[in-house]
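# Architecture and fold: a report
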Amino acid sequence: MPQDAPARARLCAAKFVAHNIPLAPGLCTRPGEPLIGESPRTKAIHDALRLFVPGGAGGKTAVDLGCLEGGLTYELWRAGLRVVGVEAREDNLERCLLVRDWFDAAGAMEFVRSDVREFRPGAAFDVVLCSGLLYHLDDPAGYIGELGRLAAPGGLLYLDTHVAPEDADLPECNFRAALSPWKTRLHEGLAIRYREYAEDITKPESSVGNPVSLWMDIASHVELLQRAGFSRVFEMHGWFGAGEMDLKRRFARHYWACIKQA
Ligand SMILES: C[S@@+](CC[C@H](N)C(=O)[O-])C[C@H]1O[C@@H](n2cnc3c(N)ncnc32)[C@H](O)[C@@H]1O
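About the criteria used
- Residues numbered from 1 in each chain as written.
- Predicted model: local features only at pLDDT ≥ 70, side-chain atom pairs only at ≥ 80, totals over all residues.
- Helix = DSSP H or I, 4+ residues; strand = E, 2+ residues; numbered from the N terminus.
- Rg over C-alpha atoms; globule rule 2.2 N^0.38 Å.
- Buried ≥ 20, exposed ≤ 12 C-beta atoms within 10 Å, placed from the backbone.
- Contact = placed C-beta atoms within 7 Å.
- Near = placed C-beta within 6 Å.
- Nonpolar A, V, L, I, M, F, W, Y, C, P; charged D, E, K, R; others polar.
- Core = buried A, V, L, I, M, F, W, Y, C linked by C-beta atoms within 7 Å.
- Axes fitted to C-alpha atoms, helices over the stretch in contact; angles between N-to-C directions.
- Parallel < 35°, antiparallel > 145°, perpendicular 65-115°, else oblique.
- Left-handed = near helix turned anticlockwise from the far one by under 90°.

As a further point, take the overall build of the protein chain. When its secondary structure is counted, the protein chain shows seven helices and twelve strands. Its C-alpha atoms give the protein chain a radius of gyration of 18 Å, within 12% of the compact-globule value 18 Å for 262 residues. Overall, the C-alpha framework of the protein chain stretches about 55 × 40 × 40 Å when taken along its three principal axes. With 262 residues in all, the protein chain has 38% of them scored as buried. Considering only residue pairs separated by 6 or more positions, the protein chain has 64% of its internal contacts joining residues 24 or more positions apart.

Here Glu90 lies in helix 4 (residues 90-102). With 8 C-beta atoms packed within 10 Å, Glu90 lands in the exposed category. In this structure the C-alpha to C-alpha distance between Glu90 and Leu68, which are 22 residues apart in sequence, comes to 9.7 Å.

Here we take up the site of the ligand. Not every one of the 20 residues close to the ligand is listed here, only the nearest: Gly66, Leu68, Ala88, Ser131 and Gly132. In terms of residue class, the shell around the ligand is made up of nine nonpolar, six polar and five charged.

With 67 residues, the main nonpolar core has Val63, Val127, Val128, Leu129, Cys130, Leu147 and Leu157 as its most contacted residues. Not counting residues within four places of it along the chain, the set of residues in contact with Val127 comprises Leu49, Val53, Ala57, Lys60, Ala62, Leu76, Leu81, Gly155 and Leu156.

Of all eight residues in helix 3 (residues 71-78), seven are buried, a share of seventy percent or more. Those residues of helix 3 lying buried are Gly71, Leu72, Thr73, Tyr74, Glu75, Leu76 and Trp77. Packing partners of the buried residues in helix 3 comprise helix 2 (40-52), strand 3 (61-65), strand 4 (82-87), helix 4, strand 5 (109-113) and strand 6 (125-131).

Below, the discussion takes up the packing of helix 1 (residues 5-13) against helix 4. For the pair helix 1 and helix 4, interaxial distance at closest approach is 10 Å and the crossing angle is 150 degrees. It follows that helix 1 is roughly antiparallel to helix 4 by the angle criterion. For the crossing formed where helix 1 meets helix 4, the hand is left-handed. Across the interface between the two elements, Ala7, Arg10 and Leu11 of helix 1 pack against Leu98, Asp101 and Trp102 of helix 4. Here the residues of the contact of helix 1 with helix 4 sort into four nonpolar, no polar and two charged.

What follows is the structure, encoded as structure tokens:
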């Protein structure tokens, strides 16, 4: 039985670092924390599925890139998608598998241990979730091209990411101490504007293999998304309550629903 006492004991002993996943009445992965489904960013993802997946998400395919301990993978599965979570860190992946087995969801919620830069699935996905990952990479510009290959024609890319704060916003940005001055590099003829970010790679949520990652500016993201085939890019506003723009400035965070040209 997936939800027997040993499975419960394994889940209770596992140290979940970020995602509070409801397991059963009175049982969750991070007691005392808000449930992942109640978070505004999760609600924005569910609304994007409703708004931007023609015919509904049920039975379609999804990938959750850099899935950590599977909380958003679980949410995509809950929305009716057949989902693959991709995660490079083995200990993170072990917690994902505990969640999958608890819900007896093998086949509908799968996990692959891989660096996302090496992940080569057999087919493109109807929904690509890239949340909290792009800004951990050393070549985010190149990886946006890969996101274009991972998304099926007409598919949805949901991109939840940090962007480099403009100079006027830098003093308010919570991450300013770890961000470099502006730099530029050429990517396939396009001048990318970015700041480097010093990563603490000991953390389970951090980058894999690169101690310095790149946070690009908004314009670079939008231009690269369009070049990758995302012909429509919608900025998600309205889920974060009063003072939303101040919050987003402090966290230098953006949420985009991007539709791949059919
Ligand atoms: C900030 S967490 C985001 C987790 C989750 N996607 C979310 O939004 O809550 C970043 C995750 O990406 C993983 N990660 C970072 N770089 C990766 C890479 N190159 N390949 C695979 N996973 C990576 C980390 O191990 C971590 O689990």
